[in-house]
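# Overview (structure and organization)
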Amino acid sequence: MANTPQGFTRLAGSERTLPAHARWIKPVDPQERIEVSVYLRDPATSELAGEVNGHAQQPGQQMSREEYIARHSASPDDLAKMERFAQKHHLTVVETNPASRKVVLAGTVGDLSAAFATQLHQYEHNGQTFRGRSGYLHVPDELGSVVEGVFGLDDRTQAQPHLRFAGPVSSQARPNGYTPPQLAQLYDFPTAVTGSGQCVALIELGGGYNDQDLTTYFQQLGIATPQVLSVSVDGGQNSPAGDPSSADGEVALDIEVVGAIAPSARIAVYFAPNTDRGFLDAITQAVHDTTNNPSVISISWGGPESGWTNQAMTTMDRAFQTAAALGITVCVAAGDNGSSDGVNDGKAHVDFPASSPYALGCGGTRLDSSGGQVTDEVVWNESAVGEGATGGGISDFFSLPTWQANAHIPPSINDQHSGRGVPDVAGDADPQTGYQIYVDGQSSPIGGTSAVAPLWAGLIALVNQRRGKAVGYLNPYLYQQYTQLAQSKALRDVTSGNNGGYTAGPGWDACTGLGAPDGALLLQALLTS
């Protein structure tokens, strides 16, 4: 529907376009029943960013859940408006969560299409069929300032896992990769802590793990198998496909890296459908999970900013702000397709959600070592042999954060605009020097920035245990203290290599951010901050 119906208002940021070469199949059956997640405004949005940035001057300063709920839950008046809206349009309110400001509505495609003044059709693209829409969504005028986003009408695949398998092994490669404990030793992670008392949340949009694989892997490492539990989001399940090259490889990589580095941490795996609704709901469920209470969230999935609606990026960024307010660190892989992020338009693109200013964007390096010591660390770029390169660049959507103002973030190579620079930190990601993982009954070296997010998440779990308090939103601290952290080698600058459009150099760069960690020295700095 191109025109806005009378009594309705266009929902800002909800515009979707169809993928190039998507093929129309037929309209969706109007009697088919589906669910959508509606996210409502924060009654104190302007205060939240100020509260987060105020706390961020001191790592570990955070708001209690009780304080957050009192200030930032959906207002009773807004929830009542949603109830009336649902009744008027013959929709069922399946779930109301004031803390996450989420209302789940169920109904027929016909009723939901009328309620949001859109049309849904079935399309085929790249061998997959999906329920899709184009143009804007609409809401009744009285909800125009209440609704922040509506997700689930369109169920196209939203994100990719950022992992890479090594191809034919080159003469410079490590044939079996490193084990995570070997990398923890090379990066000097603290050794007197095991992540006890911490919970690390993993967001997974497909695949699964089986307990026998985990038992075998940790037995091989001589480490007690960590406690791993799966959490279902929007019907997502732990569903291993039995194929290491599927999403199973991603799930195994995330669990095994975190579990090997922080074996006493509890690992909660949130399985959700690979849609914008599933991804967003998994993150908000993890952030507001008072049972598992994660102090770190690791995300190894994403896609180019250009593939997201503005409402999805805005709403997920708000969820990350909430995580920051509650003292939860969010580590996100920066992408595996170099500065293009896999978009074939000749321009540079960054990956979301790594580009959110409230995420710790994790870029990739190639790490060479001898005798238990790092001999060389450069930007990961194996594009010449088809094995990927670290993502990174300048956001087209998020403006330059205040804490990056003095980091000499270059303008975008596209049009010289300034914006949020990605990534923030880095770690080993090259599949030629990758991670030894056990998945679907076989050992395999795996790389990708997918590995760097859980590497940093495991380190932060160790740091949180030692400090006795979560470090939370790390970005402002890392940038404001960068001179001291670089001088002490708590962050080791990576100055050689490129990711296609951007080149590494002294200080921050759009390939490896502020550099790779010395875990023990970073812990020391955070203990004295």
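Description of the structure in this document. (Residues numbered from 1 in each chain as written. Predicted model: local features only at pLDDT ≥ 70, side-chain atom pairs only at ≥ 80, totals over all residues. Heavy atoms only, no water.)

With that settled, consider the overall build of the protein. When helices and strands are counted, the protein shows 13 helices and 27 strands. Taking 529 residues into account, the globule formula puts the C-alpha radius of gyration at 24 Å, and the protein, at 22 Å, falls close to it. For the protein, the C-alpha atoms occupy an extent of roughly 70 × 50 × 45 Å along the three principal directions. Partitioning the intrachain contacts of the protein with sequence separation of at least 6 by distance along the chain shows that 80% fall at a separation of at least 24. Per element, the accessible surface of the protein, about 19100 Å² overall, is 46% carbon and sulfur. (Helix = DSSP H or I, 4+ residues; strand = E, 2+ residues; numbered from the N terminus. Rg over C-alpha atoms; globule rule 2.2 N^0.38 Å. Contact = heavy atoms within 4.5 Å. Areas by Shrake-Rupley, 256 points an atom, 1.4 Å probe, with all protein chains shown as cover.)

What follows concerns the side chain of Ser 356. With respect to the helices, strands and loops of the structure, Ser 356 is situated in the loop between β18 (351-352) and β19 (360-370). At 2.6 Å, the side chain of Ser 356 and the side chain of Asp 317 are in polar contact. For Ser 356, the residues in contact, after removing those within four places along its chain, are Asp 317, Phe 320, Phe 398 and Arg 420. (Polar contact = N/O pair within 3.5 Å; in protein donor to acceptor, adjacent residues only side chain to side chain.)

Time to look at the pattern of salt bridges. Following the criterion strictly, the structure yields 22 salt bridges and no others. Notably, a salt bridge pairs Arg 156 with Asp 154, separated by 2.7 Å at the nearest N-O pair. Pair check on accessibility: Arg 156 and Asp 154 agree, each one buried. Residue Glu 377 is joined to Arg 492 by a salt bridge in which the shortest nitrogen-to-oxygen separation is 2.6 Å. Residue Glu 377 is located in strand β20 (residues 373-379), and its partner Arg 492 is located in strand β26 (residues 491-492); the two are separated by 115 residues in the primary sequence. A relative accessible area of 10% means that Glu 377 is categorised as buried. (Salt bridge = Lys/Arg side-chain N within 4 Å of Asp/Glu carboxyl O. Buried < 20%, exposed > 50% of the residue type's maximum accessible area, 1.4 Å probe, protein only.)

The 3 strands lie next to each other as β2-β6-β7, forming an open sheet whose pairing is antiparallel. Of all strands in the sheet, those with a lone pairing partner are β2 (23-27) and β7 (128-132), marking the two edges. Averaged over neighbouring strand pairs, the angle between their axes works out to 30° when direction is ignored. As judged from the 4 bridges shared by β2 and strand β6 (residues 121-125), these two strands associate in the antiparallel manner. Paired with Lys 26 across the strands is Gln 122, a residue of β6. (Pairing = 2+ DSSP bridges. Axes fitted to C-alpha atoms, helices over the stretch in contact; angles between N-to-C directions.)

Below, the discussion takes up the pairing of strand β15 (residues 296-299). Residues of β15 alternate between two faces, with Val 296 and Ser 298 on one and Ile 297 and Ile 299 on the opposite face, all of them buried. Taken together, the 4 bridges between strand β12 (residues 199-204) and β15 define a ladder with parallel strand orientation. Bridging across to β15, Ala 201 finds its partner in Ile 297. When β15 meets strand β17 (residues 329-333), the two strands line up parallel, connected through 4 bridges. Bridge assignment links Val 296 to a residue of β17, and that residue is Thr 329.

This next bit is on the nonpolar core. Judged by nonpolar contacts, the single largest core of 128 residues is most densely connected at Ile 203, Phe 279, Trp 456 and Leu 478. Of the residues forming this core, the biggest block, 11 residues, is contributed by helix α10 (residues 449-467). Contacts of Phe 279, omitting those with residues within four sequence positions, involve Ala 159, Ile 203, Leu 205, Pro 273, Ile 299, Trp 301, Gly 302, Trp 308, Met 316 and Pro 353. (Core = buried A, V, L, I, M, F, W, Y, C linked by side-chain atoms within 4.5 Å.)

Across all of its chains, the model carries 0 disulfides by this definition. Cys 362 forms no disulfide, and the closest cysteine sulfur to it belongs to Cys 331, at a distance of 5.0 Å. For Cys 362, a relative accessible area of 0% gives the class buried. Cys 511 takes part in no disulfide bond, and the closest cysteine sulfur to it belongs to Cys 362, at a distance of 15 Å. Given the relative accessible area of 0%, Cys 511 is considered buried. (Disulfide = S-S within 2.5 Å.)

With that settled, the discussion passes to unusual backbone geometry. Residue Pro 353 is bonded to the preceding Phe 352 through a cis peptide linkage, with omega at 20°. Of the consecutive residues Val 422 and Pro 423, the connecting peptide bond is found in the cis state with omega at 0°. Along the polypeptide, Pro 423 turns up in the loop between β22 (421-422) and β23 (425-428). A positive phi angle, close to 50°, is found at Asn 293, a residue other than glycine. Considering the arrangement of structural elements, one finds Asn 293 in the loop between α8 (276-287) and β15. For Asn 293, a relative accessible area of 44% puts it in the partly exposed group. In this structure, His 408 takes a positive phi of about 55° despite not being glycine. Turning to its location among the elements, His 408 is positioned in the loop between β21 (393-394) and β22.

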